[in-house]
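Observations on chain architecture
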Amino acid sequence: MSEMLELADKMFTALQRGEISVLDQIYAPDVRIWHNWDNAEQSREDNLRILSGIPTRYDDFGYDEPRCTVLVDGFLRQHIIRATIGDKTVNVPAIFRVFVDAGKVSRIEEYMDAGELRKVFA
């Protein structure tokens, strides 16, 4: 497995498990995370804080049907986000464009329909 695919696997396994300490290790100090649904960038600290709440926000959370493509400067990860609260489950297709510099995640561009999450869990 290539180093880039190993990094992608490590990142999304940590995201799914809520292992913020792993993300802390693989994020560059100045990483920026952009979302298409609000056209805003998050700082490293804001992103880690929000991601740390995933285990308490959902009864079940994961990524189904993962597909990863290695790029010269990072990777493209496609998957379906599966989130469950009580008897409600949502499945949202998503794409992450992840830029990597010197083995660290330097930028993430996240594309998904966040409205689907809000619609089901409102």
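Everything below is about the structure printed above this text.
1. A word on the environment of Asp 9
- Inspection of the secondary structure assignment puts Asp 9 in helix 1 (residues 3-17).
- Asp 9 sits 82 residues away from Asn 91 along the chain, and the two C-alpha atoms are 20 Å apart.

2. Quick notes on the environment of Thr 69
- With respect to the element layout, Thr 69 can be found in strand 3 (residues 60-71).
- Separated by 65 residues in sequence, Thr 69 and Met 4 place their C-alpha atoms 9.2 Å apart.
- The residues touching Thr 69, leaving out its near neighbours within four places in the chain, are Gly 74, Phe 75 and Leu 76.

3. Considerations on unusual backbone geometry
- Unlike most non-glycine residues, Glu 65 shows phi in positive territory, near 50 degrees.
- As for its placement among the helices and strands, Glu 65 is situated in strand 3.
- Owing to a relative accessible area of 53%, Glu 65 belongs among the exposed residues under this scheme.
- With phi around 55 degrees, Ala 102 is a residue other than glycine that occupies positive phi space.
- Looking at the element boundaries, Ala 102 is found in the loop between strand 5 (88-101) and strand 6 (104-112).

4. Overview of the pairing of strand 5
- Bridge count between strand 4 (residues 74-85) and strand 5: twelve bridges; the pairing is antiparallel. Bridging across to strand 5, Ala 83 finds its partner in Val 90.
- Taking the residues that link successive antiparallel strands as the turn, the strand 4-strand 5 hairpin has two residues, and the phi of Gly 86 there is positive, at about 60 degrees.
- Strand direction decides the pairing type here: strand 5 and strand 6, joined by eight bridges, are antiparallel. Paired with Ala 94 across the two strands is Met 112, which belongs to strand 6.
- Taking the residues that link successive antiparallel strands as the turn, the strand 5-strand 6 hairpin has two residues, and the phi of Ala 102 there is positive, at about 55 degrees.

Rules used in this analysis
- Residues numbered from 1 in each chain as written.
- Predicted model: local features only at pLDDT ≥ 70, side-chain atom pairs only at ≥ 80, totals over all residues.
- Heavy atoms only, no water.
- Helix = DSSP H or I, 4+ residues; strand = E, 2+ residues; numbered from the N terminus.
- Contact = heavy atoms within 4.5 Å.
- Buried < 20%, exposed > 50% of the residue type's maximum accessible area, 1.4 Å probe, protein only.
- Pairing = 2+ DSSP bridges.

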